[in-house]
Amino acid sequence: MVNANKTRLEDQPAYVLHTYPYRETSLIVEVFSQEHGRLPLVARGARRPKSAVRGLLLSFQPLALSWFGKNELRTLHSAEWQGGQPLLQGKALICGFYLNELLLKLLHRDDPHEQLFLYYQQTLQELARRTDHAAILRRFEKRLLQELGYALMLDREAGTGQQVVAEEGYRYVIEHGPVRQSAGQNGVELRGKTLLDLAVDDYTDPVTLQQGKALMRTLINHYLGDQPLHTRQLLKDLQQL
Amino acid sequence: MKTPTSLDHLIESLRCLPGVGPKSAQRMAYHLLQRDQAGAKRLAHALTHALDTLRHCEKCNSFTEVEVCDLCLSPKRDDSLLCVVEMPADLLMMEQAHCYRGLYFVLMGRLSPLDGVGPREIHLDRLVRRATDGIVQEVVLATNFTVEGEATAHYISELLTPRGIKVTRIARGLPVGGELEHVDSGTLAQAVLERRNVS
Ligand SMILES: [Zn+2]
């Protein structure tokens, strides 16, 4: 028989991605942990008015979680507030939801992504402190794809391996890379400059920002398959108000 | 022995209640049928009656049996103030606190981006129509201090501010009479962040 202690993990750095009601008074908490990736935990009694963890299981806040169990659904034992992250507000909050939806839909359960975790943490800090939200999201999307094993080829042409030229026009072909505009009709059209800007995360040029958005959108849709992104619609609605 | 179809149907129907799984549904069904048939009849009647007569108030969107509810029609209320809450229970809490003399709008939900509940699903267009009647001057956002409640508050303020309406948000902080020792870290951290001058 497996020793229960072996299946118990203490003080794991983690974030709450989403919660769902479970049974009468409990919650299922989808968390993103530094060492164990995304996993679901049952927070027993967390929906009771006097629950000790009720106010702590907030998304976008660094927590130290302890849990036990070795089944699909593990049990949350305790949550400790780590602090240091201002609550996300306004547009930054909606952007935060977008990050969480990407992680919920693109990360496999129990797949550790330590680098991505650290980058997520940094991105939340940036969202709280800065206003160039579009650039922050594009950079996160790029890192996310890279962590998932779909790193973008940006500064070289696919096939030929030639250096991308800022003044040339290209098409970005999914799972292939950039090709000269004249080479076909498939793929997202963009400037060589956009590709080179994206390669070094320079989003100061508005055209780069706009083309970068179209590119990331196409790529993310491809990897999501048929799953819709609800938060993208909300960001769009907000933009159009 | 096979469960009779009508019993099966009852058990299945009870499962639409939040937090009721197959076991609880079965227990409830047996209780109603065996121990409290009169109660079961009353329940069935009350449900049908409520479904037939209740509707949403034209003005505040809460449940009522008439077109516009008593609270919305009351001449004692300040009709330049409109408080937005998520659920009817929140409205009742506000009333119990005797702190507010304006009118209400009940969303009957909140934005929940990750569950696919967007502005259309909670009919924010109805709130906009209500708030822009020319009489409302200030909208007080009293949605929950959850991430969803905050997102809802932000979205509404983005909708109403450009329309020339003053939008305010109820404050959060330590409970009145509360001791620091017993408050949760999240509340305390935010209270420190949102500290104000003492004059
Ligand atoms: Zn009313």
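Values in this document were obtained by computation on a predicted structure and should not be read as measured data. Each chain has its residues counted from 1, running along the sequence as written. The order in which chains are written sets their letters, starting at A; the order in which ligands are written sets their numbers, starting at 1. Restriction of local features to residues with pLDDT of at least 70 applies here, the model being predicted, together with a cutoff of 80 or more for giving and counting side-chain atom pairs; totals for whole chains, interfaces and linings are based on all residues. Side-chain measures were taken over the full set of non-hydrogen atoms in the model, leaving aside hydrogen atoms and water.

Engineer: Sorry if this is basic, but what is going on with the overall build of chain A here?
Structural biologist: When helices and strands are counted, chain A shows 6 helices and 8 strands. Helices and strands in chain A line up, N terminus first, as β-β-β-β-β-α-α-α-β-β-β-α-α-α. When its C-alpha atoms are laid out on the principal axes, chain A stretches across 65 × 45 × 30 Å. Taking all 241 residues of chain A together, 49% fall into the buried category. Contacts in chain A between residues at least 24 apart in sequence constitute 54% of all its contacts with a sequence separation of at least 6. A positive count includes Lys and Arg, and a negative count includes Asp and Glu. His and the chain ends are not counted in either. For the purpose of locating charges, the reference atoms are NZ of Lys, CZ of Arg, CG of Asp and CD of Glu. Of the charged side chains in chain A, 29 are positive and 27 negative, and the gap between their average positions amounts to 7 Å. Under the scheme used here, helices are H or I runs from DSSP no shorter than 4 residues and strands are E runs no shorter than 2 residues, and both carry numbers assigned from the N terminus. Here the term buried applies to any residue with accessible area under 20% of the maximum for its type, exposed to any over 50%, and partly exposed to those in between, with areas from a 1.4 Å probe on protein chains only. Residue contacts are defined here by distance: any two heavy atoms, one from each residue, within 4.5 Å place the two residues in contact.

Engineer: Where do I start with the domain arrangement of chain A in this structure?
Structural biologist: Accessible area lost on assembly of the parts is the figure often given for the size of an interface. Residues and elements named next belong to chain A. Domain boundaries assigned for chain A yield domain 1 (2-81) and domain 2 (90-237). When each unit is reduced to the centre of its C-alpha atoms, the spacing between domain 1 and domain 2 is 30 Å. At the junction of the two partners, domain 1 supplies 21 residues and domain 2 supplies 20 residues. When two parts are brought into contact, each loses some accessible area as probed by a 1.4 Å sphere; the total of that loss over both is the buried area. Counting each side, the surface lost to burial between domain 1 and domain 2 is near 1800 Å², with a carbon and sulfur contribution of 61%. Its largest share of buried area at the contact with domain 2, domain 1 owes to Phe 32, Arg 38 and Phe 60, together 42% of the area lost on that side. When a carboxyl oxygen of Asp or Glu lies within 4 Å of a side-chain nitrogen of Lys or Arg, that pair is called a salt bridge. At the surface where domain 1 touches domain 2, the tally comes to 3 salt bridges. Asp 110 serves as the salt-bridge partner of Arg 74, at 2.9 Å between the closest nitrogen and oxygen. Residue ranges labeled as domains rest on an automatic or database domain assignment.

Engineer: What is the right way to read the coordination of the zinc ion from this model?
Structural biologist: Expected angles at a metal are 109.5 degrees for tetrahedral coordination by four donors and either 90 or 180 degrees for octahedral coordination by six donors. For the zinc ion, every protein donor is listed as B:Cys57 (SG), B:Cys60 (SG), B:Cys69 (SG) and B:Cys72 (SG), and the spread of their distances is 2.3 Å. Any N, O or S atom lying within 2.8 Å of the metal counts as a donor, with the limit raised to 3.2 Å for Na, K and Ca; because water is left out of the atom set, some sites can appear incomplete. Irregular is the label for any site that misses the other tests, which are tetrahedral for four donors with all angles between 85 and 135 degrees, and square planar for four donors or octahedral for six when opposite donors exceed 155 degrees and the remaining angles lie between 65 and 115. Classification of the site at the zinc ion rests on its 4 donor atoms, whose angles at the metal span 105 to 117°, yielding the label tetrahedral.

Engineer: How should the interface of chain A and chain B be read in this particular structure?
Structural biologist: On the chain B side, the residues contacting the 28 residues of chain A number 24 residues. Of the roughly 2200 Å² buried between chain A and chain B on both sides combined, carbon and sulfur atoms contribute 70%. In terms of surface lost to chain B, no three residues of chain A exceed A:Phe97, A:Leu234 and A:Leu241, which account for 23% of the buried area on that side. Counting every contact that joins chain A to chain B gives 1 salt bridge. Residue B:Arg120 is joined to A:Asp237 by a salt bridge in which the shortest nitrogen-to-oxygen separation is 3.1 Å. Two N or O atoms count as a polar contact when they lie within 3.5 Å, although within protein this holds only if one can serve as hydrogen donor and the other as acceptor, and sequence-adjacent residues are included solely when both atoms are side-chain atoms. Where chain A touches chain B, the interface holds 3 residue pairs in polar contact (both at pLDDT 80 or more). Those elements that provide at least two residues to the side of chain A that touches chain B are β1 (8-22), α1 (90-106) and α6 (230-239) of chain A. When residues in the side of chain A that touches chain B are grouped by element, the largest group, 8 residues, is from α1(A).

Engineer: I would appreciate a short explanation of the packing of aromatic side chains in the present structure.
Structural biologist: Remark: the centre distance and the inter-plane angle together describe each pair of aromatic rings, the angle taken between the planes. All names here are of chain A. Only Phe, Tyr and Trp rings take part, Trp by its six-membered ring, and two of them pair if their centres are within 6.5 Å. Stacked means planes under 30 degrees apart, edge-to-face means over 60, and tilted covers everything else. All told, the structure shown has 9 aromatic pairs over all chains when counted by the stated rule. Ring centres of Tyr 15 and Tyr 120 lie 5.1 Å apart, and the angle between their planes is 85°; this geometry places the pair in the edge-to-face category. Remark: Tyr 120 occurs in helix α2 (residues 114-129) and Tyr 15 occurs in strand β1; sequence separation between them is 105 residues. There is no split in this pair, since Tyr 15 and Tyr 120 are both buried. Both rings, one in Phe 60 and one in Phe 97, keep their centres 5.7 Å apart while their planes meet at 85°; by these two values the pair is edge-to-face. In this pair, Phe 60 is assigned in the loop between β3 (37-43) and β4 (63-68) and Phe 97 in helix α1, connecting sequence segments 37 residues apart. Accessibility assignment for this pair places Phe 60 and Phe 97 in one class, buried. A connected cluster of aromatic rings, assembled from ring pairs, spans Tyr 15, Phe 32, Phe 117, Tyr 119, Tyr 120 and Phe 140. Whether a charge lies above a ring is judged from NZ of Lys or CZ of Arg, which has to be within 6 Å of the ring centre and within 35 degrees of the ring normal. The ring of Tyr 119 carries Arg 143 above its face, with NZ or CZ at 4.1 Å from the centroid.

Engineer: How should I be thinking about the nonpolar core in this particular structure?
Structural biologist: It is characteristic of soluble globular proteins that their nonpolar side chains tend to be buried jointly. Within this scheme, the nonpolar core is defined by two criteria: the residues are buried Ala, Val, Leu, Ile, Met, Phe, Trp, Tyr or Cys, and they are joined through side-chain atoms within 4.5 Å. The biggest cluster of nonpolar side chains holds 73 residues, and the ones touching the most others in it are A:Leu103, A:Tyr120, A:Leu144 and B:Val139. Considering each element in turn, this core owes the most residues, 11 residues, to α1(A). Looking at which domains feed residues into this core, each of domain 1 (2-81) and domain 2 (90-237) of chain A gives three or more. Setting aside its immediate chain neighbours within four residues, A:Leu144 contacts A:Leu102, A:Leu103, A:Leu106, A:Leu107 and A:Leu116.

Engineer: Honestly, the side chain of A:Thr123 in this entry has me stumped. Any pointers?
Structural biologist: All names here are of chain A. With respect to the element layout, Thr 123 can be found in helix α2. Take Thr 123: its relative accessible area is 1%, and that puts it in the buried class. Of the polar contacts made by the side chain of Thr 123, one reaches the backbone oxygen of Tyr 119; its length is 2.7 Å. With sequence-adjacent residues up to four places away left out, Thr 123 is seen in contact with Leu 99, Ile 136 and Phe 140.

Engineer: Can you walk me through the pattern of salt bridges in this structure?
Structural biologist: Two side chains carrying opposite charge are able to pair once their charged atoms lie near each other. Residues and elements named next belong to chain A. A complete count under the given rule lists 26 salt bridges over all chains for this structure. Close ionic contact of Glu 141 with Arg 138 constitutes a salt bridge, the shortest N to O distance being 2.7 Å. With Glu 141 and Arg 138 both in helix α3 (residues 133-147) and 3 residues apart, the pair spans about one turn of that helix. There is no split in this pair, since Glu 141 and Arg 138 are both buried. Its salt-bridge partner being Glu 189, residue Arg 171 comes within 3.7 Å of it at the nearest N-O pair. Here Arg 171 is found in strand β6 (residues 169-173), whereas its partner Glu 189 is found in strand β8 (residues 188-191), with 18 residues between them in sequence. Through salt bridges with shared partners, one network takes in Glu 30, Arg 38, Glu 72 and Arg 109.

Engineer: Would you take a moment to explain the packing of helix α4 (residues 192-199) of chain A against helix α5 (residues 206-224) of chain A for this structure?
Structural biologist: The axes of two packed helices give the description: the angle between them and the distance between them. Residue and element names in this part refer to chain A. Lines fitted to C-alpha atoms define the axes, with helix axes restricted to the stretch in contact, and inter-axis angles between N-to-C directions lie between 0 and 180 degrees. Relative orientation of the contacting elements α4 and α5 amounts to 80°, with a least axis distance of 9 Å. Of the possible angle classes, the one that applies to α4 and α5 is roughly perpendicular. Where α4 abuts α5, its residues Lys 193, Thr 194, Asp 197 and Leu 198 lie against Val 207, Thr 208, Gln 211, Gly 212 and Leu 215. Reported orientations rely on four angle classes, namely roughly parallel under 35 degrees, roughly antiparallel over 145, roughly perpendicular from 65 to 115, and oblique for the rest.

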